[in-house]
Each structure stands twice: as C-alpha cells, then as structure tokens.
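# Summary of the model geometry
Each chain, letter by letter, is given below.
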Amino acid sequence: MRLRDHRPALAILVSFLAAGCLFLSPAYVRPDSVGVYAWLRSAVIDGDLLFFNEWAGFGMIDGGVTRFKEVTPLGTLANHWWIGTALLSAPAYLTMHFGKILCSIQTGDGFFGAWGALLAWLSVAFTALATVIAGRLIRQLAPETGSAARATILAAILLGTPLFWYTFRLPLGTHAAGTFAVALLTMALCWHDQDDVAAIAIGLALGLAIATRLQHFVLVPAVAWHAWRHHRSLRRLLLLAGGAALPLASQGMAWWIVYGSPLGPLTTGGNEHGATWLPFHSNALLPVLFSSYHGLFVWAPIALLAAAGWTIGWRRHNDAAPLMILMFAGEWIANGLFDRWFWGGMSFGPRRFVDLAVPMAIGLAWLATSIRRTAFYAMTGIATAWSIALMVATHASTLSLSRYVTFADLVNSVLSALTWSRAAQAPLRSPIADGLLAGQSIAALGAIAAGGLLLLWLAQERRRIAIAACIYFALCAGATATLWQPTRSRAQEEHARYRIDDRVAAHWGPLVDQRTLLGDELAYLRGTGQPDRAAATAREIEEMDARIRALTR
C-alpha cells in the first residue's frame, strides 16, 4: 500500500497519542482492575496463579480474610475476571519485563509505576486500533460518508459513549481490550473474501472477545448466522471452532489451576447462590436501555442513533446490518437478563455496551448516508455533548457514580454552575502535567512500539497474522499450564504468610461484596417506587447479614 492509504490510520494514532498525553490517568479500581491484571502480574513476576500478594498490595487482605473473592478448596484465591485483557497485554508487558532485566534495572512490582503507565497506555492503544478498524469499515461499508463525516462519527463514538472514560480516565480495565476484540471480530465478519483464513480469524476473534468479557458469548448467534451464509462446510466450521478454542484454552487452563475446573466460577462461587451473575433473576431489558441508572440511551444517546442506522442500513447491507443488530440484541439480553446488577456497579454510564463501539460507528455511518447531513451533524453533536457534560460532572464530583441517580440528578448536574466551576479548577493528572508519569509513559510507549512494529509487519497479509495469532494463543495456553505445579506447591506458604483463615475466607469476601450490591439494588427499587421488590431485597439483606455475622463469630 502507498503511504497515502495509511494516512487516516496514522492520523488516528497520532490523535490518540496526543489525547493520552493530555488526559491519560492510570487508576486501578478495586477489585476489578486487580483481578483483570493479576493473571498477568502473577504469571510473569511470581510464576504462579495464587494472587494473595496482588490482593495484599491493594489492601484487600484483612485479618486473614480476603475481600471480594473467596479462597478455594485448593488453597488458591478465586479470580472470576477473564484472562483476555492479560493475553492482549502480555507482549508489551514481557517486553518491559525482559528489557528491565537486560538493562539490570529493578523490575519493580509489576503493578505500579511504569507498569501502571504501560497497562494504561495499552488501553489507549487498544481503543486507537479499534478506531482504525472502524474507520476502514466505514470506508468499506459506507464509502459515500466522506472524510468529515467519518471523523465526526469516530469522535462521536469515543466521546458520546463511556469509551473515552474507560480509555483515558479509568483505563485499567477490560473495556478497551473488549472493544478491540469486538472490532477484530466485526472486521473478520465483514471481509470480502470469506475463505478458510476468514473462518479461522472469526473464530480467533470470537474466542478472544469471550476470553476478555464473559458476556461476549452472546455474540455467538451473530457468528452462527454469518457461518450459515458463508461457512457451511464442515471444514470451515471446524476451523472456526478451533480458532475460538485457542484463546479460551488459556482461560480454561487458568481456571483449572485456580478452581480445579476449566469452568471455574461458572459452576462454583462464594456467594449465597453459588454463582457469579445470578442470571434471569429479574427482567431489566427496559431499565438497561432507558433507566437514569446507567441506561444506555439515557447516558449515551449516540447509541440510539446507531441503532437507527442499523435499521436503515438493512435494505442496502442485508449481509452486514443483521450482524450488527444480532450483536446488539445479544448484548442487550446479556445485560438485561443474565446479570441481576444491570447497572454495572459503580461505573460511568452503560459501560457494558461500550465494547460495541465499532458496530455503533458503522450504524452512524449508515445513518449519515440516509438523512440530510446537517441533520446528522446536529443530532450527533447534541447526543455527544450530553455525554461529554456527564463526564465533566463526574470529573467535578457533582454527579455520583456510587449511588442511584434520577433523571433530575443528571440534568441538575449538567446545568449546575458548580459543575463547571469545579471542573475548571479540578487538577487533571496526565503525562503532560505530571513529570514522573511522563517519564514512565516514555518507557511504556517504547515497549508498546516494539510490539507495534511486529503487528505492522504481520498486518500486511491476512494469512500471516492468522497463523501468528494461532501460534501465540497456543503458546499462551502452554505457558499457563506450566503454572500448575508452582501454584500448588506455594499455596500453603502463602496461606501462612498472610495468615489466611480458611473457614472465613471461603465465603466472607463474596458475601460482603454481594451485600453491597444488594444495598445498591434496594436504593434503586425504593427510588423507582417498587415497594414489593424492595421488601424482598431487604429480606435478602437481613439473611445475608446473618450469614456474615455467623462467619465472623
């Protein structure tokens, strides 16, 4: 390809680099961020999958009891967070690790300092690459949009959804990696040549998406529909299934080591129900879209415009549009029916939909080509401005993420003069304002650039990158298997080191965590005028409090 063909991608990467320098603020969230990256740190730095020192480093072991997660019968610390983000981060993480060893520099703890900067910049890299994919798919599926409309769409998806927040303000999580994985899947599904390589690529991307966030298993119907149209032969189906199995093999092996079963927390857990998600407990299909409590269309109305675009695009794109709709429908069902805590915990807006950023961008592109351009810019601008205002209010601490908020709370926080005065005065930690973080960022970007050059070489040819990905995920599964014996042999030593009380630690952490979520649910039910359901939740809280008291006697 000529250089001019790469100009849009280079512009996107440079824009994200600049935005990272201005806004990136590495911040771990307990326990989610710790669980996500503990796989990587424990495997590389400690050579096991025990996680006790990772938990202790964040103050999550107290009096011999682990917070949030239980100690399993095997003596390991449970970890229900999926491994895909760690798999994607491993090349740059290993580059920094071995670079420090070769340069005789203290490698550090693997979490803080330059390590935190590296993992945060990787979130920026994942979102940037997903945005590059979105731009190319828009040019393929809606070539008449034009460069100005494409730039507007990409900016709207970043700023009009929680994606900006989870890329730059709270980057140490799964959403940037999940967005990238779904972007890869969307790109593979939309390739012109649906051959054997495409089947493998689709499988790899699907497996990676599921290994990054469990809820992405609901993308299977979209893949199945696509396979029915393009990959009906047994060979193609086996290639697709084999590709999907490779990233999931690392997860199965890791959970076998930690839980004694490749299904891990899907079949066991420390809460009173013995499961992690509590599926079909309640129907939140409408609240997950329209509630003031992190409802998708309320906090990110740009998603409503994207959905309109998918519908409009069905007539001209009857191959691609059903894929986008099936993807969204799956995520909608997962978030509205499969998880009792539909609001997503203490999150910024509808974070559990943000991984669909690339399908949303395509929907916006189809909308842009179907209505007057001025109307499109006006609607997109208003929707994006609303989400930006919510981010500003959150940054200014006039909009709470830790409690139920009403529609009036949202509007008042946006219109409040206090919001904008606080936002103007609030310190903004970023590499450009923090000399130490700037130095750490330079080291982090160097490690990422090394992997980026390899990726650039691989990306020149589809077969080459598919083969490399297969080899990589197979190596990851093999490397994970080697952690079995060290994990088993060191478990008792770690128990003694942290004075773990096995009787209490087998249940206490998840119970207290679920007790907090029940309190949030009770506030939501009371705030929305649902007294019968509120009373049932209050009884659950009383029962759970009794169990917690019994454990701590």
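That block above? That's the structure.
The following refers to the structure shown.

The subject of this paragraph is the overall build of the protein chain. A count of helices and strands for the protein chain gives 25 helices and two strands. Relative to the globule expectation of 24 Å for 553 residues, the C-alpha radius of gyration of the protein chain, 23 Å, shows essentially globular dimensions. With the C-alpha coordinates of the protein chain rotated into their principal frame, the extents come out at 70 × 55 × 55 Å. When each of the 553 residues of the protein chain is scored for burial, the buried share is 55%. Pairs at least 24 apart in sequence give 78% of the contacts found in the protein chain among residues at least 6 apart. Within the structure as shown, the protein chain displays about 22800 Å² of accessible surface, and the carbon and sulfur contribution to it stands at 65%. Both charge centroids of the protein chain, one from 42 positive and one from 32 negative side chains, sit 8 Å from each other.

Attention shifts here to the packing of aromatic side chains. Tallied over the entire structure, the rule returns 33 aromatic pairs. Between Phe58 and Phe112, the aromatic rings sit 5.1 Å apart at their centres with planes inclined by 40 degrees, giving tilted as the arrangement. Remark: Phe112 occurs in the loop between helix 4 (84-102) and helix 5 (114-141) and Phe58 occurs in the loop between helix 3 (52-57) and strand 1 (61-62); sequence separation between them is 54 residues. The exposure class of Phe58 is buried, given its relative accessible area of 12%. Ring geometry for Trp343 versus Tyr524: centroids 6.5 Å apart, planes at 35 degrees, classification tilted.

Quick look at the packing of helix 17 (residues 373-395) against helix 18 (residues 407-415) now. Interhelical geometry of helix 17 versus helix 18 gives an angle of 80 degrees and a closest axis separation of 9 Å. Classified by the interaxial angle, the pair formed by helix 17 and helix 18 is roughly perpendicular. Facing Trp386, Ala389, Leu390 and Ala393 of helix 17, the residues of helix 18 in contact are Leu410, Val411, Ser413 and Val414. Looking at the contact of helix 17 with helix 18 residue by residue, the class counts come to seven nonpolar, one polar and no charged.

With that settled, consider helix 8 (residues 175-189). Taking 1.5 Å of rise per residue, the 15 residues of helix 8 would be expected to cover 21 Å, and the 21 Å separating its terminal C-alpha atoms lies within 8% of that figure. Burial within helix 8 is extensive, with 13 of its 15 residues counted as buried.

The end-to-end C-alpha distance of helix 24 (residues 508-527) is 29 Å, a good match for the 28 Å that 20 residues give at a rise of 1.5 Å each. All of the buried residues in helix 24 are Trp508, Gly509, Pro510, Leu511, Gln514, Leu517, Leu518, Glu521, Leu522, Tyr524 and Leu525. Contact partners of the buried residues in helix 24: strand 2 (65-66), helix 12 (287-290), helix 23 (502-505) and helix 25 (531-551). Once helix 24 ends, the next one or two residues include Gly529, with phi positive near 70 degrees.

This part covers the side chain of His294. In this structure, His294 sits in the loop between helix 12 and helix 13 (296-299). In terms of polar contacts, His294 uses its side chain to reach the backbone carbonyl oxygen of Ser347, at 3.2 Å. Sequence-distant contacts of His294, that is, excluding residues within four places in its chain, are made with Val288, Trp299, Trp343, Gly345, Ser347, Gly349 and Pro350.

This part is about unusual backbone geometry. The amide bond that connects Arg30 to the next residue, Pro31, takes the cis arrangement and shows omega of 0 degrees. With respect to the secondary-structure elements, Pro31 resides in the loop between helix 1 (3-23) and helix 2 (32-46). Backbone geometry at Phe51 places phi at a positive 75 degrees, although glycine is not the residue there. The residue Phe51 is located in the loop between helix 2 and helix 3 in this model.

According to the stated counting rule, one finds 16 salt bridges in the structure shown. Between Glu54 and Arg41 there is a salt bridge, and its shortest N-O distance comes to 2.7 Å. Here the residue Glu54 occupies a position in helix 3, and Arg41 occupies one in helix 2, the gap between them amounting to 13 residues. Here the salt bridges do not stand alone but share partners, grouping Arg41, Asp46 and Glu54 into one network.

Following the sequence through the fold, Ala205 ends up in helix 9 (residues 196-212). Classification of Ala205 as buried rests on a relative accessible area of 5%. Separated by 42 residues in sequence, Ala205 and Pro247 have C-alpha atoms that sit 8.7 Å apart. Excluding residues that lie within four positions of it along the chain, Ala205 makes contacts with Ala181, Leu184 and Leu185.

A cluster of nonpolar side chains, Ile467, Ile471 and Leu475, forms an exposed patch at the surface whose accessible area comes to about 300 Å². Mapping Ile467 onto the fold places it in helix 21 (residues 462-481).

It is worth spelling out the environment of Ile388 at this point. Note on placement: Ile388 falls in helix 17. For Ile388, a relative accessible area of 32% translates into the label partly exposed. Distance in space between the C-alpha atoms of Ile388 and Trp508 is 39 Å, their sequence separation being 120 residues.

Taken N-terminus to C-terminus, the directions of helix 10 (residues 220-230) and helix 15 (residues 321-337) make an angle of 155 degrees; their axes are 8 Å apart at the nearest point. When the interaxial angle is binned, helix 10 and helix 15 end up roughly antiparallel. Considering the relative orientation of helix 10 and helix 15, their crossing is right-handed. Contacts between helix 10 and helix 15 involve Pro221, Ala222, Trp225 and His226 from the first element and Pro322, Leu323, Leu326 and Met327 from the second. For the contact of helix 10 with helix 15, the residue count by class is seven nonpolar, one polar and no charged.

Take Ala241: it is sitting in helix 11 (residues 234-259). Accessibility expressed as a relative area gives 44% for Ala241, which makes it partly exposed. Taking C-alpha positions, Ala241 is 35 Å from Gly116, a pair spaced 125 residues apart along the chain.

Moving on: the side chain of Lys69. Within the secondary structure layout, Lys69 lies in the loop between strand 2 and helix 4. Glu70 provides the closest opposite charge to the buried, unpaired Lys69, separated from it by 4.1 Å.

Cut-off values and rules
- Residues numbered from 1 in each chain as written.
- Predicted model: local features only at pLDDT ≥ 70, side-chain atom pairs only at ≥ 80, totals over all residues.
- Heavy atoms only, no water.
- Helix = DSSP H or I, 4+ residues; strand = E, 2+ residues; numbered from the N terminus.
- Rg over C-alpha atoms; globule rule 2.2 N^0.38 Å.
- Buried < 20%, exposed > 50% of the residue type's maximum accessible area, 1.4 Å probe, protein only.
- Contact = heavy atoms within 4.5 Å.
- Areas by Shrake-Rupley, 256 points an atom, 1.4 Å probe, with all protein chains shown as cover.
- Lys, Arg positive; Asp, Glu negative; His and termini not counted.
- Charge placed at Lys NZ, Arg CZ, Asp CG, Glu CD.
- Phe/Tyr/Trp six-rings, centres within 6.5 Å; stacked < 30°, edge-to-face > 60°.
- Axes fitted to C-alpha atoms, helices over the stretch in contact; angles between N-to-C directions.
- Parallel < 35°, antiparallel > 145°, perpendicular 65-115°, else oblique.
- Nonpolar A, V, L, I, M, F, W, Y, C, P; charged D, E, K, R; others polar.
- Expected span 1.5 Å × (residues − 1).
- Polar contact = N/O pair within 3.5 Å; in protein donor to acceptor, adjacent residues only side chain to side chain.
- Salt bridge = Lys/Arg side-chain N within 4 Å of Asp/Glu carboxyl O.
- Patch = residues over 30% accessible without salt bridge, like charges linked within 9 Å, V, L, I, M, F, W, Y side chains within 5 Å.
- Left-handed = near helix turned anticlockwise from the far one by under 90°.

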